[in-house]
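Spelled out from the first residue to the last, the chains are:
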Amino acid sequence: MYDTIIIGAGPAGMTAALYAGRSNLKVALLERGIYGGQMQNTADIENYPGYANISGPELSEKMFEPLEKFGVDHLFGQVLRVETDGPVKKVITEDETLETKSIVLAMGAKHRLLGIPGEAEYNSRGVSYCAVCDGAFFRDQDLLVVGGGDSAVEEAAFLTQFAKSVTIVHRRDKLRAQQVLQDRAFANEKINFIWDSVVEEIKGDDRKVQSVVLKNVQTGEVSEHAFGGVFIYVGLDPMTDSVADLGITDEAGWIVTNDLMETSQAGVFAAGDIRQKYLRQVTTAVGDGAMAGQQVYNYLTALEG
Ligand code: FAD
Ligand code: NAP
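The residue numbers shown here count from 1 along each chain, following its written sequence. Labels follow written order: the first chain is A, the first ligand is 1, and so on. Local features in a predicted model are, by the rule used here, given only for residues with pLDDT of at least 70; side-chain atom pairs are given and counted only at 80 or more, and totals for whole chains, interfaces and linings are based on all residues. With hydrogens and water excluded, all non-hydrogen atoms of the structure serve as input to the side-chain values.

Looking at an unreviewed UniProt entry, the protein chain carries the name Thioredoxin reductase, with the source organism given as Streptococcus gallinaceus. Among the UniProt annotations of the protein chain, the heading Subunit (unreviewed entry) holds the following wording: "Homodimer." UniProt positions are given in the numbering used here, feature names are shortened, and annotations may be inferred rather than shown by experiment. As recorded by UniProt, the Sequence similarities (unreviewed entry) comment attached to the protein chain reads in full: "Belongs to the class-II pyridine nucleotide-disulfide oxidoreductase family."

This is the structure in structure tokens:
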């Protein structure tokens, strides 16, 4: 029986594990892939205090390293379901059922799909959701980036080191991204913009993407443009399928907590991007994780009198 099982080894989960582990609790950090979460898909992080610039994989390594010292068990598995009735809670993976006194949900978020014709068909054949993973395959090509948030603008800049040109298509005439990222993108000669437009279809031959069909939402005009690759960054959806029946999410699926990271279920905490929150960043995930790890200790101390 674990004192706590933390589901998801992104920055939120790893920090919760650090705090709970340092409190001498019996902790399992359960992850279905590699530790680091979304940081593994990020080339440069320059808004994490203490580092002028650090790559996502390197920061992931630095966060994971100390956990062993505090006796955190690193388990591999995809959580399918959790049962939270009563003092003994169950975490059910594809292979086993684990028992625990408390749970920290830190499963983060996943990229959203556009849901247009050609997107699924050309996935990994010109359609990508990860510039860091796939950018180098697109040397000297004209690329399209879809979206106007931090991810779209930052990853468009990353792609310019490989691409001949990068065009950002956004559905409005103003970007949502942080000003510093916008300023850099506007100053980058390789980056072009198409405003007020949405992608209606991604087209290609039997091998890979060749073009996209765009629609101007102001004029209704439809046009076709040649691109060798399409990188889609249109936001995130919460990874809450495995806890959907617990009654702890809002209408969009984000988990609702108070400032102590407590959900409406006793002994069930949530941290990081999976929460209903304003700013989804590594720093805020780490802050949530610290609070959740500490609150697990407080919860168990109170439980055991
Ligand atoms: P995640 O990082 O999403 O980690 C969740 C983990 O849970 C994953 O490892 C996942 O595999 C695991 N998981 C999910 N479901 C299950 C399950 N059922 N069973 C087991 N494991 C599961 N933030 C910054 O501060 N600076 C940046 O420069 C920056 N750049 C970014 C660039 C991109 C392209 C993206 C996508 C995001 C970027 N962010 C950046 C945001 C930042 O990465 C996230 O806010 C942060 O990673 C959230 O951490 P998290 O631990 O809450 O979740
Ligand atoms: P986001 O901030 O939600 O932005 C999504 C963008 O996609 C928005 O511009 C949105 O348009 C657009 N969009 C949404 N649905 C669309 C659709 N169906 N068709 C066309 N466009 C659509 O998501 P994100 O950029 O992935 O960022 C997610 C989180 O990670 C944020 O909290 C962000 O701050 C963080 N992040 C931080 C950094 C950093 O700090 N350097 C880098 C990357 C990500 P509208 O603007 O019109 O809504």
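*Asks:* Tell me about the sheet that holds strand β15 (residues 229-232), and please be specific about residues and values.
*Replies:* If you walk across this open sheet you meet the five strands as β8-β15-β9-β10-β11, and the pairing is parallel. This sheet does not close on itself; its edge strands, each paired only once, are β8 (127-128) and β11 (191-194). Strands are treated as partners if at least two bridges between them are detected by DSSP. Only runs of H or I of at least four residues qualify as helices and only runs of E of at least two qualify as strands under DSSP, and these elements are numbered from the N terminus. Here four bridges tie strand β9 (residues 142-146) to β15, and the two strands are oriented parallel to one another. For Leu143, the partnering residue across the bridge sits in β15 and is Gly229.

*Asks:* Now, about the environment of Val169: what can you tell me, with residues and values included?
*Replies:* Examined against the element boundaries, Val169 turns out to sit in strand β10 (residues 165-169). A C-alpha to C-alpha distance of 13 Å links Val169 and Ala226, two positions 57 residues apart in sequence. Any two residues whose heavy atoms approach within 4.5 Å at even a single point are treated as in contact. Once you skip the residues sitting within four places of it in the chain, Val169 turns out to touch Leu144, Val145, Val146, Gly147, Ile194, Ser197, Val199 and Leu214.

*Asks:* Describe the UniProt feature "domain: FAD/NAD(P)-binding" (unreviewed entry) in the protein chain, and please don't skip the residues or the numbers.
*Replies:* Listed under "domain: FAD/NAD(P)-binding" (unreviewed entry) in the UniProt record, and renumbered for this structure, are residues 2-289. The straight-line gap between the two end C-alpha atoms of residues 2-289 is 18 Å; of that span, 18% is helix and 29% is strand.

*Asks:* Could you give an account of the site of ligand 2, naming the residues involved and the relevant values?
*Replies:* Here, proximity means that at least one heavy atom of the residue falls within 4 Å of the molecule or strand. In the vicinity of ligand 2 lie 19 residues, with Asn47, Asp150, Arg172, Arg176 and Gln281 positioned nearest. Definition of a polar contact: a pair of N or O atoms within 3.5 Å, with one able to donate and the other able to accept a hydrogen when the atoms are protein atoms, and with sequence-neighbouring residues admitted only if both atoms are side-chain atoms. In the model, an oxygen atom of ligand 2 is placed 2.7 Å from a nitrogen or oxygen of the Asn47 side chain. Between ligand 2 and Ser151 there is a distance of 2.9 Å, counted from an oxygen atom to a side-chain nitrogen or oxygen. Considered on its own, ligand 2 offers 930 Å² of accessible surface; in the complex 79% of this is hidden by protein. In terms of residue count, the dominant contributor to the shell around ligand 2 is helix α4 (residues 150-159) (three residues). Residue composition of the shell around ligand 2, by class: four nonpolar, nine polar and six charged. Using a 1.4 Å probe, accessible areas were evaluated by the Shrake-Rupley method; residue-level cover was limited to the displayed protein chains. Amino acids outside the nonpolar list (Ala, Val, Leu, Ile, Met, Phe, Trp, Tyr, Cys, Pro) and the charged list (Asp, Glu, Lys, Arg) are all regarded as polar, and Gly is one of them.

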